[in-house]
Amino acid sequence: MERTVAVSPPRLHPLDQRLVGIPDGLLRAYRDAFAGRRLAWASPAIFTVGAYLGFYGLGLVLARPTPNLSTIAVAVGLGLVGLLAGIGLGWGTASRPTRIRPVDRRLMTRYGLLLFGVGSAALIAYFAAIGYVPLFQASLEQSRVDAATEGGATLRVISLLALPGAWILIAQAVAGRDRRGLVLAAGGVVILALGFALTGNRSPAFLVVEVAIISGLLAAGKDRLGGRSLALLALVGVLFVVGAGAFGAFRLGSQSSFYGPLVPGERIPPPNYPALTAISIKGYVVVPIQNLDYTLDAVPDRIGWQLGGTYLQPLLTVLPGRQTTFDADLKAALDQHYAGGGTVPGLLGEAYANFGPVGWLVIPFLAGAALTVIYRVSQGGGPELIVLYAYALIHVSIGGVLSGLSMASVFPFEAYAVLGFAILALPVVVSLLHRRPPEASA
């Protein structure tokens, strides 16, 4: 008589189980995003994937012919696969929102006010140090870079503390239904946007408003929107694109070199701002492809493999002396001489410069997984976690694709450190300060 032996399937390592579960996690992420009649617009499966396809997809269509175009198409495809796999892994890792006790509202509001006040004071000191307003200088593209050197890295880094401070105040006011606090916080956001615009730098001016809007919507429970609300949000996004394009047009129009050499006695023609705005907007989708092309030409022949160095290089800019970031190194290696900052390689370019073609898969994978975990955790937390996710969403989806995860600014390190301290360490520090010493025994 034959005996039947039951053979149990081999047990998988926990990491192997998660990797095997990536397709299921991705499927659940999209099921959640499209559940009901409202779309989870802030989900990485929607926002981040949409931004990636928008920038790189349109960039491929509008890119100039280049021998590297087929390689670039492969890079974009691998990056998309990595991003989707990362979202699947992240959703499986945090399969449900984690309930986290929010930090005391009054304590967090004071923390936001402290950051906002210190950062605003540093921004005023920055203008005092350079002695002029870069936005109103001729050749703005170069004058803003010169002003950054004259103002010093210390004041620039401290001034950026105002951004997370403003976001915290917005989220706290919305979550607490504090109308007066919301009006004051929104006014602070507008003042910061104008202040950083005066420095001639577009990124912080738009970043403070973008993250404030997302933080406010999520704190108000508007993480899912219907058709009309989505159309309104899309319109706001279009206005941001046009506004950023107009800012870029103003910078282009301030450059006399933009018009080329003039005939003796000829005057510089008045800027055609609508045309310059269109050029600037087109650059948003063309530059990531174009600069990836430049990176392929420069690495590893002119610049060696960075092996992760570009992700930490911005930290060196706070040190005394002249410190460069990879975008400046890339510009120098390619012998480019245009006015302004460096040649930013974008998410895929930076990934390639560090790890070669493997980076096109690995870096989007890690970014997608981390962002998705933060998304799931933020759904069960307070306003401070919402702010953390709102910034991470913009950092990866917009800033990462256009410039790189850590390219020409120390701010990502600063923002995550400040917000992480608020979430993890601030309540502990306060409890220790308020702990009463044990009474002495009689």
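Scroll up a little and you will see the structure.
What you see is a predicted model; the values in this text were computed from it and never measured.

Novice: Quick question: what am I supposed to make of the overall build of the protein chain here?
Specialist: Within the protein chain, the secondary structure is distributed over 17 helices and zero strands. Out of the 442 residues belonging to the protein chain, those deemed buried represent 46%. Here the contacts in the protein chain between residues at least 6 apart in sequence split such that 79% fall between residues at least 24 apart. A total accessible area of about 22600 Å² is found for the protein chain, and carbon and sulfur atoms account for 65% of it.

Novice: I'm lost on the pattern of salt bridges in this one. Help?
Specialist: Under the criterion given, the structure shown has four salt bridges. Taking the shortest distance from any N to any O, the salt bridge between R64 and D293 comes out at 3.2 Å. Within this pair, whereas R64 is found in the loop between α3 (47-62) and α4 (69-93), its partner D293 is found in helix α12 (residues 273-298), the two being separated by 229 residues in sequence. Judged by its relative accessible area of 3%, D293 falls in the buried class. The salt bridge involving R105 is made with D178; its shortest N-O contact spans 3.6 Å. Placement of R105 in helix α5 (residues 105-130) and of D178 in the loop between α8 (162-175) and α9 (179-198) is noted, with a sequence separation of 73 residues between them.

Novice: Looking at this model, I keep getting lost on empty space enclosed by the protein. Mind explaining?
Specialist: As enumerated under the stated definition, the model contains one cavity of 30 Å³ or more in all. Space inside the largest cavity adds up to approximately 50 Å³. Around the largest cavity, the lining residues are T48, Y52, L83, L347, P364, A367, V396, S397 and V401. When contributions to the lining of the largest cavity are tallied by element, the ones reaching two or more residues are α3, α15 (357-378) and α16 (383-402). With three residues, α16 is the single largest residue contributor to the lining of the largest cavity. Taken together, the residues of the lining of the largest cavity break down into seven nonpolar, two polar and no charged.

Novice: Is there a simple way to think about the packing of aromatic side chains in this case?
Specialist: The description of an aromatic ring pair uses the distance of the two centres, along with the angle that the planes make with each other. Taken as a whole, this structure holds 13 aromatic pairs when the rule is applied. When the ring of Y52 is compared with that of Y56, the centres are 5.0 Å apart and the planes differ by 55°; the resulting orientation is tilted. In this pair, Y52 and Y56 are both assigned in helix α3, four residues apart and thus about one turn of the helix distant. Judged by relative accessible area, Y52 falls into the buried class, the value being 1%. Sitting over the face of the ring of W91, R376 holds its NZ or CZ atom 4.1 Å from the ring centroid.

Novice: Where do I start with a nonpolar patch on the surface in this structure?
Specialist: Residues V74, L78, V81, V358, L361, V362 and L366 make up a contiguous nonpolar surface patch of about 550 Å² in total accessible area. Contributing elements (two or more residues each) for the nonpolar patch: α4 and α15. In terms of residue count, α15 provides more of the nonpolar patch than any other element does, four residues in total. Along the polypeptide, V358 turns up in helix α15.

Novice: Looking at this model, I keep getting lost on the side chain of N354. Mind explaining?
Specialist: Relative to the helices and strands, N354 resides in helix α14 (residues 346-355). In this structure the side chain of N354 is engaged in a polar contact, spanning 2.7 Å, whose partner is the side chain of T310. Look past the residues within four positions of N354 in its chain and what remains in contact with it is W305, Q306, L307, G308, G309, T310 and Y311.

Novice: Teacher, can you tell me more about the layout of surface pockets here?
Specialist: One way to see where empty space is left: roll a probe the size of a water molecule over the atoms. Considering only enclosed or pocket space, the second largest pocket measures out at about 380 Å³ in volume. Taken together, 18 residues line the second largest pocket, and the ones lying closest to its centre are A367, A370, H395, L405 and Y416. Looking at the lining of the second largest pocket, the elements with two or more residues in it are α15, α16 and α17 (411-433). The element best represented in the lining of the second largest pocket is α15, accounting for six residues. Among the residues making up the lining of the second largest pocket, the classes are represented as 16 nonpolar, two polar and no charged.

Rules behind the numbers
- Residues numbered from 1 in each chain as written.
- Predicted model: local features only at pLDDT ≥ 70, side-chain atom pairs only at ≥ 80, totals over all residues.
- Heavy atoms only, no water.
- Helix = DSSP H or I, 4+ residues; strand = E, 2+ residues; numbered from the N terminus.
- Buried < 20%, exposed > 50% of the residue type's maximum accessible area, 1.4 Å probe, protein only.
- Contact = heavy atoms within 4.5 Å.
- Areas by Shrake-Rupley, 256 points an atom, 1.4 Å probe, with all protein chains shown as cover.
- Salt bridge = Lys/Arg side-chain N within 4 Å of Asp/Glu carboxyl O.
- 1 Å grid on protein atoms, 1.4 Å probe; cavity = no way out; pocket = protein on both sides within 12 Å on 5 of 7 lines; lining within 4 Å.
- Points joined across faces, edges and corners; volume = space filled by probe spheres on them.
- Nonpolar A, V, L, I, M, F, W, Y, C, P; charged D, E, K, R; others polar.
- Phe/Tyr/Trp six-rings, centres within 6.5 Å; stacked < 30°, edge-to-face > 60°.
- Lys NZ or Arg CZ within 6 Å of the ring centre and 35° of its normal.
- Patch = residues over 30% accessible without salt bridge, like charges linked within 9 Å, V, L, I, M, F, W, Y side chains within 5 Å.
- Polar contact = N/O pair within 3.5 Å; in protein donor to acceptor, adjacent residues only side chain to side chain.

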